[in-house]
Amino acid sequence: MKTPICDFVRKYSEEGCMRLHMPGHKGSGDPETYDITEIPGADDLSDPSGIIAESERNAGMIFGARTFYSCEGSSLCVRAMLYLVMLTAKESGRRPFVISPRNAHKSFLTACGLLDIDVGWIYPSRTDREWYLSGGFGTEDVRAALESNPGCTAVYITSPDYLGNMADIPSIAALCREHGALLAVDNAHGAYLRFFGKHPISLGADMCCDSAHKTLPVLTGGAYLHISGSAPGILKRSARQALGMFSTTSPSYLILQSLDAANRIMSSAGFSERIRKMAESVSEAREGLRALGLVPERTGMEEYLKLTLRPKSFGYTGTELSEVLRKQGIVCEFSDPDCCVMMFSPSNSLTDPGRLLKAVRHTGSRKPVSGAPCGFSVPRRTMSLHDAMTSPFETLPADNNIIGRIMAFPSLSCPPAVSVAVPGETVDEFVLSCMKYYSIKKSDVITKI
Ligand SMILES: Cc1ncc(COP(=O)(O)O)c(C=O)c1O
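Residues numbered from 1 in each chain as written. Predicted model: local features only at pLDDT ≥ 70, side-chain atom pairs only at ≥ 80, totals over all residues. Heavy atoms only, no water.

Some remarks on the overall build of the chain
If you tally the helices and strands in the chain, you get 15 helices and 14 strands. Against the compact-globule benchmark of 22 Å for 449 residues, the chain has a radius of gyration of 23 Å, which places it among compact chains. Seen through its principal axes, the chain has C-alpha atoms that stretch 65 × 60 × 45 Å. In the chain, which comprises 449 residues, the proportion classed as buried is 56%. The long-range fraction of contacts in the chain, counting pairs at least 24 apart against all pairs at least 6 apart in sequence, stands at 69%. Total accessible area on the chain stands at roughly 18500 Å², and carbon and sulfur atoms take up 53% of it. If you average the places of the 47 positive and of the 48 negative side-chain charges in the chain, the two averages end up 2 Å apart. (Helix = DSSP H or I, 4+ residues; strand = E, 2+ residues; numbered from the N terminus. Rg over C-alpha atoms; globule rule 2.2 N^0.38 Å. Buried < 20%, exposed > 50% of the residue type's maximum accessible area, 1.4 Å probe, protein only. Contact = heavy atoms within 4.5 Å. Areas by Shrake-Rupley, 256 points an atom, 1.4 Å probe, with all protein chains shown as cover. Lys, Arg positive; Asp, Glu negative; His and termini not counted. Charge placed at Lys NZ, Arg CZ, Asp CG, Glu CD.)

Some details on the domain arrangement of the chain
By domain assignment, the chain separates into domain 1 (4-267), domain 2 (271-363) and domain 3 (385-446). Each of domain 1 and domain 2 has a C-alpha centre, and the two are 27 Å apart. At the interface, 25 residues of domain 1 touch 26 residues of domain 2. Between domain 1 and domain 2 the total buried area reaches about 2200 Å² when both faces are included, carbon and sulfur atoms providing 60% of it. Considering only the side of domain 1, the residues that lose the most area to domain 2 are Tyr162, Tyr192 and Phe196, jointly responsible for 28% of the buried surface there. (Domains from an automatic or database assignment. Buried area = accessible area lost by both parts, 1.4 Å probe.)

Quick look at the sheet that holds strand β4 (residues 154-158)
Ordered by their spatial adjacency, seven strands build an open sheet running β1-β8-β7-β6-β4-β2-β3, and the pairing between neighbours is mixed. Both edges of this open sheet fall to β1 (66-70) and β3 (118-122), since each of them pairs with a single strand only. The sheet shows a mean angle of 20° between the axes of neighbouring strands, taken without regard to direction. Relative to strand β7 (residues 207-210), strand β6 (residues 182-186) runs parallel, the two sharing three bridges. Each residue of the ladder has a partner; that of Asp186, found in β7, is Cys209. Here helix α5 (residues 139-148) sits on the sheet and contacts β2 (97-101), β3 and β4; the angle it forms with β3, its principal contact strand, is near 140°. (Pairing = 2+ DSSP bridges. Axes fitted to C-alpha atoms, helices over the stretch in contact; angles between N-to-C directions.)

Observations regarding the site of the ligand
Around the ligand, the neighbouring residues are Gly73, Ser74, Ser75, His105, Thr158, Tyr162, Asp186, Ala188, His189, Ser211, His213 and Lys214. Contact between the ligand and Ser211: an oxygen atom at 2.7 Å from a side-chain N or O atom of the residue. At 2.7 Å, a side-chain N or O of His213 approaches an oxygen atom of the ligand. For the ligand, whose unbound accessible area comes to 390 Å², protein coverage reaches 86%. The pocket occupied by the ligand, as judged from atoms lying within 2 Å of grid points, is the largest pocket. Where the shell around the ligand is concerned, the elements lending two or more residues are α3 (73-91) and α8 (212-215). No other element matches the three residues that α3 contributes to the shell around the ligand. When grouped by side-chain class, the residues that make up the shell around the ligand number two nonpolar, eight polar and two charged. (Near = heavy atom within 4 Å. Polar contact = N/O pair within 3.5 Å; in protein donor to acceptor, adjacent residues only side chain to side chain. 1 Å grid on protein atoms, 1.4 Å probe; cavity = no way out; pocket = protein on both sides within 12 Å on 5 of 7 lines; lining within 4 Å. Sits in = over half its atoms within 2 Å of the grid points. Nonpolar A, V, L, I, M, F, W, Y, C, P; charged D, E, K, R; others polar.)

Here we look at the nonpolar core
As a rule of thumb, nonpolar side chains are buried together in soluble globular proteins. Counting residues in hydrophobic clusters, the biggest one holds 55 residues, and the most contacted among them are Leu216, Tyr224, Met266, Leu289, Leu325, Met342 and Leu356. Among the elements of the structure, α1 (4-15), α2 (51-63), α10 (253-267), α11 (271-291), β10 (306-309), α12 (318-327), β12 (340-343) and α13 (352-363) are those that each provide at least two residues to this core. Sort the elements by how many residues they give to this core and α11 lands first, with seven residues. Residue contributions to this core reach at least three from each of two domains, namely domain 1 (4-267) and domain 2 (271-363). When near neighbours in sequence (up to four residues on either side) are disregarded, Met266 contacts Ile62, Phe63, Phe195, Leu216, Tyr224 and Phe271. Val78, Leu84, Met207 and Ile227 belong to the second-largest nonpolar core, a separate cluster that totals 38 residues. (Core = buried A, V, L, I, M, F, W, Y, C linked by side-chain atoms within 4.5 Å.)

Some details on the pairing of strand β8 (residues 223-227)
Of all five residues in β8, five are buried; the element is thus mostly enclosed. As paired strands, β1 and β8 are joined by five bridges and run antiparallel to one another. Paired with Arg66 across the two strands is Ile227, which belongs to β8. Summarising the sheet, β7 and β8 pair through four bridges and their orientation is antiparallel. The residue of β8 that forms the bridge with Met207 is Ile227.

Topic: the sheet that holds β10
Taken together, the three strands give an open sheet; going across it, the order is β10-β12-β11, and neighbouring strands pair in antiparallel fashion. Taken across any chain shown, the strands that pair with only one partner, and hence form the sheet edges, are β10 and β11 (334-335). Sheet topology note: the β11/β12 ladder contains two bridges and is antiparallel. Residue Phe334 lies in a different strand from β12, and its bridge partner there is Val341.

Remarks on α5
Each α-helix winds once per 3.6 residues, and so residues spaced three or four apart point in a common direction. What α5 keeps buried is the set Thr139, Asp141, Val142, Ala145 and Leu146. Looking down the long axis of α5, one finds its buried residues gathered within 160° of arc, a one-sided arrangement. Turning to α5, the residues buried within the fold contact β2, β3, β4 and α6 (169-179). (Arc of directions from axis to C-beta.)

Quick word on the packing of aromatic side chains
In total, this model carries twelve aromatic pairs according to the counting rule given. Ring centres 6.2 Å apart and planes at 45° place the aromatic pair Tyr69 and Tyr224 in the tilted group. With Tyr69 in strand β1 and Tyr224 in strand β8, this residue pair connects regions lying 155 residues apart in the sequence. Given the relative accessible area of 2%, Tyr69 is considered buried. The class of Tyr224 is buried, set by a relative accessible area of 0%. Centroid distance Tyr162 to Phe334: 5.3 Å. Interplanar angle 85°. Geometry classified as edge-to-face. On the criterion of sequence distance, the pair formed by Tyr162 in the loop between β4 and β5 (165-166) and Phe334 in strand β11 is long-range, its members being 172 residues apart. With a relative accessible area of 9%, Tyr162 lands in the buried category. Among the residues examined, Phe334 registers a relative accessible area of 9% and is labelled buried. Linked through ring pairs, Phe63, Tyr69 and Tyr224 together constitute an aromatic cluster. Residue placement shows Lys306 over the ring face of Tyr162; its charged tip is 5.6 Å from the ring centre. (Phe/Tyr/Trp six-rings, centres within 6.5 Å; stacked < 30°, edge-to-face > 60°. Lys NZ or Arg CZ within 6 Å of the ring centre and 35° of its normal.)

Here's what the structure looks like:
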């Protein structure tokens, strides 16, 4: 596969031109020499017709979608998806309404807040997925939500979630079609699923975002917005403008080159095999860790390249285990009192999962740590996301003083940027205890007038 963006910038850099254009570093240094702006021939991400358009088409061929690049992560694509949801609702003269499980990333909340989209939450209902990070939803929960919200514009799901749970997208997509709702998927963690036949677009979603940078060999910030070929025309027609509503007018050419180069890597002969071997190696380590009691059996589908350890029965909190591993040169993606999340990619060594297993064995078990995750209760909703997020607010310590106050912004630790209580909900004792459990020290609450 050709790499038109990389080729253009390399050639330009080799010409040694006098750079009387942005960026201010004038190409001195590495990687600065490859960091350019929209000079003639470099195309324009906001309305591409040259090398960027060609590169996006290449990506689209890999993902089987109409693909748009983002240099600002999936966060930008999430906002664009919700803008498209809003347009879809308005096209049919309705108010936008989105059903979503509660494990949505902060970018979903802020987008709905900005666009004044109403959200019908699916709250965690299953005891095996009791805490808010994993949302705890199944296809039947989506069915019930659709049945009780006729005229809903879209279902928005996060799959895979931060802990590696995957939803049954084909059956959720079928339900959405039945009810005339769009299916939008936050696939930030699952760009690589294309190589396992499990990418949301091939499973029936109308649109999804992938953070290429999370699981593929792409610089931080590189992401895709994919629109399915069978999605309503308004999504395909308006996606570019939807991204442009929220994006910078100075996209990073370093990130664009990285996305461009990834097309060649992903289409190379060995890539699919490499990623499958990596998944096998992760799976072997998972079984070893399961035997040690660190990975509980899951009822649903789990991700291929993520390992979520629950080390309390092994004698460690997630945070303690991640600190022990750090001392052995192994750095986890995320940890909290209950879990420790590890993300592998084809760029890891195939021996890394085995090395992790060895390090955990070497660490050895201790007396189990007691205590379950703080669970979930449904806080009282006092106002809409939009009203809450556009109200004057103050930042207060997360202590008894905030009980009874209305959240103005998501209350979260980042990562994973999943909120304990969402804007517009009133803080109660349970919410406060969850904030304490997750070491959230302060909270933005609406100013009392
Ligand atoms: C589930 C989920 N969605 C969206 C995002 C945002 O992705 P990005 O960092 O690429 O903007 C994240 C980031 O961690 C995430 O975990």
